[in-house]
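Inside the fold
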Amino acid sequence: MIILAIAYLGGVLTILSPCILPVLPFVFARADRPFRSHGLPMLLGMALAFTGIATLAAVGGGWVVELNEYGRYAAMALIAVFGLTLLLPAWADRMSRPFVALGMRLSQPGAEPSSARPSILSPLLLGVGTGLLWAPCAGPILGLILTGAALNGASAGTSLLLLAYAAGACTSLAAALLFGARVFSALKGSLRTGEWIRRAAGAAVLAGVGAIAIGLDTGLLSRLSFATTSELEKTLLEKIERPGPLSPLPRPGTGFDEPVMLPTAAREPAPAPARVLGTQGRFPSLAGATEWINSDPLTPEGLRGKVVLVDFWTYSCINCLRTLPYLRAWADKYKDAGLVVLGVHAPEFAFEKRSSNVRKATKDLGIGFPVAVDNDFAIWRGFGNRAWPAFYFIDAQGRIRHHQFGENQYEEAEQVIQQLLQEAGGPQVPSGRVAPQGQGVQAAAAFTAAGSQETYLGHERAHNFASPGGLARDRANTYQAPSSLRTNQWALAGDWTVERERAVLNRVDGRIAYRFHARDLHLVLGPSTDGKPVRFRVLLDGKAPLADHGFDVDPQGHGTIDGQRLYQLVRQTTGGKDRLFEIEFMDAGVQVYAFTFG
């Protein structure tokens, strides 16, 4: 019941977010109709369409993506006709084709005989169309629901959570619609006023359709007020967490699911922690580690008397990499005061399970503190962890006293370290705050939030794929890039095999394109399976990146893939507009896993 309430409250908060803006004109365009016979059916249709499409999205698959895109196009055409009939009633009266007649039915209150009971079909159909346009929107709470559904499989419970989320959004819209209806009734004292209101509503509907058609709903609108609703939802999730180790998302019959990369990175410095830190559980066992790096095997009993900072990370995760300068600085600054920084490497991709890869990454990244290799996720399960990166702060008595998900909460983290060291009563605790400057992929994230999110190229979690025909699973296929891409869409060109977690290039001259909005662009890549390096070239808007090149490419965009890791390909001097990223591979065999941004 708690998660249903959270989903509902997340939906209520949606009205404060930019993602609701494209559908508001469609809702307020019917503010002059009775709420029970018009407004309520429209909101019902919107909720049902959203729930259905979002459930399909949880199932996954390229055909679902294509279906959703076609549904959006049909919905935009239908609602554009609706807007035209509001804006140009005389034009609508002269048209007699069935499609326009349907549009007239949606917009004309007098379409039925006065003696007949009003039909709910028209507003219900309009609500379905609006729900199709609204479906791509997702905030942290909805993202958590869809992530769990994607891992555990779509179910009645998934659909119920999505319906609760949609019901919450429609509750806010219903309140707005009722308020809008009263305002409309007060203003339409004259026929001329009503006519102008009708035309303004039609113009707003057409403007909304136009914004959606050119991608503003996922581009500009998705970047407005990032720190409002998303932060409210994030706060809501944090406030309801129970004391003790956090419970992972359960998989029916197993009690544990594969780890997930949740959108948990903080974008603003967090406030200082409370002076009184509660107890969130005991230090779980470390016996499940498959290997230890930089140390003999450690145990909670052997670490008693020390303050321990446990960091869950994986070496291809950009958010994890950007925390490393602080972890190294804390390990060095507070080692004599009794702090032990312990890394727990829990792999996301199969190549991150290889001991040689993890050991090389640990050395290349300058990590000198102990690292437990958690290939079986035994330690992850013991902590009940749910995301990368994650910090757990353990006091000298072996109690978990605090935890953090994501990056950028460094001031709060260091204050907790100092407080726990002071409680332990050991040597004098250094004061002040560290201020390391990371280089390359370890450099700090941009101050402004990225408008593009992590995107996987393997078919298991792929979305926003735009090449004609969709993804062909686990077989060679020749792809073509479309003539244009909307923001956050990507495409393949050339002969590729798209597997569960990666795309593999079968022949030379393969390309990938992505229209993104962020300062930095990273790509998790690997050379051919025989280890042969792969050459590539990066273009931004069809030109060499020059000053905007990333750490792993030169100003002309040239680079070489020599290992399985994250590559920084673009680091712009500014990041205030959409850019078209293209990468061309001069050698076959490249393995491509995921885009990340920052």
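Our subject in this report is the structure included herewith. (Residues numbered from 1 in each chain as written. Predicted model: local features only at pLDDT ≥ 70, side-chain atom pairs only at ≥ 80, totals over all residues. Heavy atoms only, no water.)

Focus: the overall build of the protein
Under the convention used in this document: A run of DSSP states H or I qualifies as a helix once it reaches four residues; a run of E qualifies as a strand once it reaches two. Both are numbered from the N-terminal end. Note on classification: 1.4 Å probe, protein chains only; a residue is buried when its accessible area is under 20% of the maximum for its type, exposed when over 50%, partly exposed between these limits. Should any heavy atoms of two residues lie within 4.5 Å, those residues are considered in contact.
Within the protein, the regular secondary structure consists of 17 helices and 17 strands. Taken over 598 residues, the protein has a buried fraction of 55%. Taking the contacts inside the protein whose residues are at least 6 apart along the sequence as the reference set, 76% of them involve residues at least 24 apart.

A closer look at the packing of aromatic side chains
In this description, a pair of aromatic rings is defined by centroid distance and the angle of the planes. Operational definition: For this analysis, a ring pair means two rings from Phe, Tyr or Trp (six-membered ring only for Trp) whose centres lie within 6.5 Å, classed as stacked if their planes differ by under 30 degrees, edge-to-face if by over 60, and tilted for the remaining angles. In this analysis the charged atom, NZ for Lys or CZ for Arg, is taken to sit over a ring once it is within 6 Å of the ring centre and within 35 degrees of the ring normal.
Evaluation of the coordinates by the stated rule reveals 25 aromatic pairs. Residues phenylalanine 516 and phenylalanine 597 carry aromatic rings whose centres are separated by 5.9 Å and whose planes lie at 20° to one another, so their mutual orientation is stacked. Here phenylalanine 597 lies in strand β17 (residues 591-597) and phenylalanine 516 lies in strand β11 (residues 510-516), a separation of 81 residues in the sequence. When sorted by exposure, phenylalanine 516 lands in the same class as phenylalanine 597, which is buried. Taken together, Phe283, Phe312, Phe377, Trp380, Phe383, Trp388 and Tyr392 form an aromatic cluster joined through their ring pairs. Taking the ring centre of tyrosine 456 as reference, the NZ or CZ of arginine 461 above it sits at 3.8 Å. Lying across the ring of tyrosine 567, arginine 565 places its NZ or CZ 3.8 Å from the centre.

A few points about the side chain of glutamate 414
With respect to the helices, strands and loops of the structure, glutamate 414 is situated in helix α17 (residues 410-424). A relative accessible area of 1% places glutamate 414 in the buried class. Residues within four places of glutamate 414 in sequence aside, it is in contact with Trp330, Lys333, Tyr334, Gly432, Arg433 and Val434.

Re a nonpolar patch on the surface
Short version of the rule: Here a patch means residues that are over 30% exposed by relative accessible area and free of salt bridges, tied together within 9 Å if like-charged and within 5 Å if nonpolar (Val, Leu, Ile, Met, Phe, Trp, Tyr). Note on areas: Shrake-Rupley, 1.4 Å probe, and residue coverage restricted to the protein chains presented here. Any carboxyl oxygen of Asp or Glu within 4 Å of a side-chain nitrogen of Lys or Arg constitutes a salt bridge here.
Judged by side-chain polarity, Leu44, Leu48, Leu160 and Leu163 come together as a nonpolar surface patch covering roughly 350 Å² of accessible area. For the nonpolar patch, the secondary-structure elements that each account for two or more residues are α3 (35-59) and α9 (156-187). Examined against the element boundaries, leucine 160 turns out to sit in helix α9.

Observations concerning the side chain of aspartate 495
The condition is simple: Under the rule applied, a polar contact is a pair of N or O atoms within 3.5 Å (in protein, one hydrogen donor and one hydrogen acceptor; residues adjacent in sequence only if both atoms are side-chain atoms).
When you line up the elements, aspartate 495 lands in strand β9 (residues 490-498). A distance of 2.9 Å separates the side chain of aspartate 495 from the side chain of asparagine 506, its partner in a polar contact. A distance of 3.4 Å separates polar atoms of two side chains, one belonging to aspartate 495 and the other to arginine 507. Those residues in contact with aspartate 495, other than ones at most four positions away along the chain, are Ala476, Asn477, Thr478, Val504, Leu505, Asn506 and Arg507.

Looking at the environment of alanine 443
Its location among the elements puts alanine 443 in the loop between α17 and β7 (455-456). Measuring from C-alpha to C-alpha, the distance between alanine 443 and proline 325 comes to 8.5 Å, with 118 residues separating the pair along the chain. Residues contacting alanine 443, with those up to four places away along its chain left out, are Arg322, Gly438 and Arg571.

What to know about the environment of asparagine 319
As for its placement among the helices and strands, asparagine 319 is situated in helix α13 (residues 318-321). Within the structure, asparagine 319 has its side chain in polar contact with the side chain of glutamate 407 (distance 2.7 Å).

Considerations on the pattern of salt bridges
One pass over the structure, following the stated rule, counts 19 salt bridges. Here glutamate 291 makes a salt bridge to arginine 359, at a shortest N to O gap of 2.6 Å. Taken together, the residues glutamate 291 in strand β1 (residues 291-293) and arginine 359 in helix α15 (residues 355-364) connect sequence positions 68 residues apart. On the accessibility criterion, arginine 359 (39% relative accessible area) is partly exposed.

Topic: α15
Here is the rule: What the arc describes is the spread of directions from the helix axis to the C-beta atoms.
Those residues of α15 that fall on the buried side of the exposure criterion are Asn357, Val358, Ala361 and Thr362. End-on view of α15: buried residues confined to an arc of 130°, all on one side of the axis. Opposite the packed face of α15, turned more than 90 degrees from it, sit the exposed residues Ser356, Lys360, Lys363 and Asp364. Residues of α15 that are buried in the fold lie against β1, β2 (307-313), β3 (339-345) and β4 (371-373).

Quick look at the nonpolar core
Under the convention used in this document: Here, nonpolar core refers to any group of buried Ala, Val, Leu, Ile, Met, Phe, Trp, Tyr and Cys residues whose side-chain atoms link them within 4.5 Å.
Core analysis: the largest hydrophobic core is formed by 68 residues, its most contacted members being Val310, Phe312, Trp330, Leu339 and Phe383. Residue contributions to this core peak at seven residues, all from helix α14 (residues 324-334). Valine 310 has contacts with Phe283, Leu342, Val344, Phe383, Ala390, Phe391, Tyr392 and Ile394, leaving out every residue within four places of it along the chain. Grouped together as the second largest cluster of nonpolar side chains are 36 residues, Trp490, Leu525, Phe536 and Leu540 included.

A closer look at unusual backbone geometry
The peptide bond linking tryptophan 388 to proline 389 adopts the cis configuration, its omega dihedral lying at -20°. Looking at the secondary structure, you find proline 389 in the loop between α16 (378-383) and β5 (390-394). Positive phi, normally seen in glycine, also occurs at asparagine 294, with a value near 70°. Note that asparagine 294 resides in the loop between β1 and β2. Even without a glycine there, the phi angle at aspartate 509 is positive, about 70°.

Thoughts on the pairing of strand β6 (residues 400-405)
Just so we agree on the cut-off: What makes two strands pair is DSSP finding at least two bridges between them.
Among the six residues in β6, six count as buried, and that is most of the element. In terms of strand pairing, β5 meets β6 through five bridges, oriented antiparallel. What sits directly across from tyrosine 392, in β6, is histidine 403. The hairpin turn running from β5 into β6, its antiparallel successor, is five residues long, and glycine 398 in that turn takes a positive phi close to 85°.

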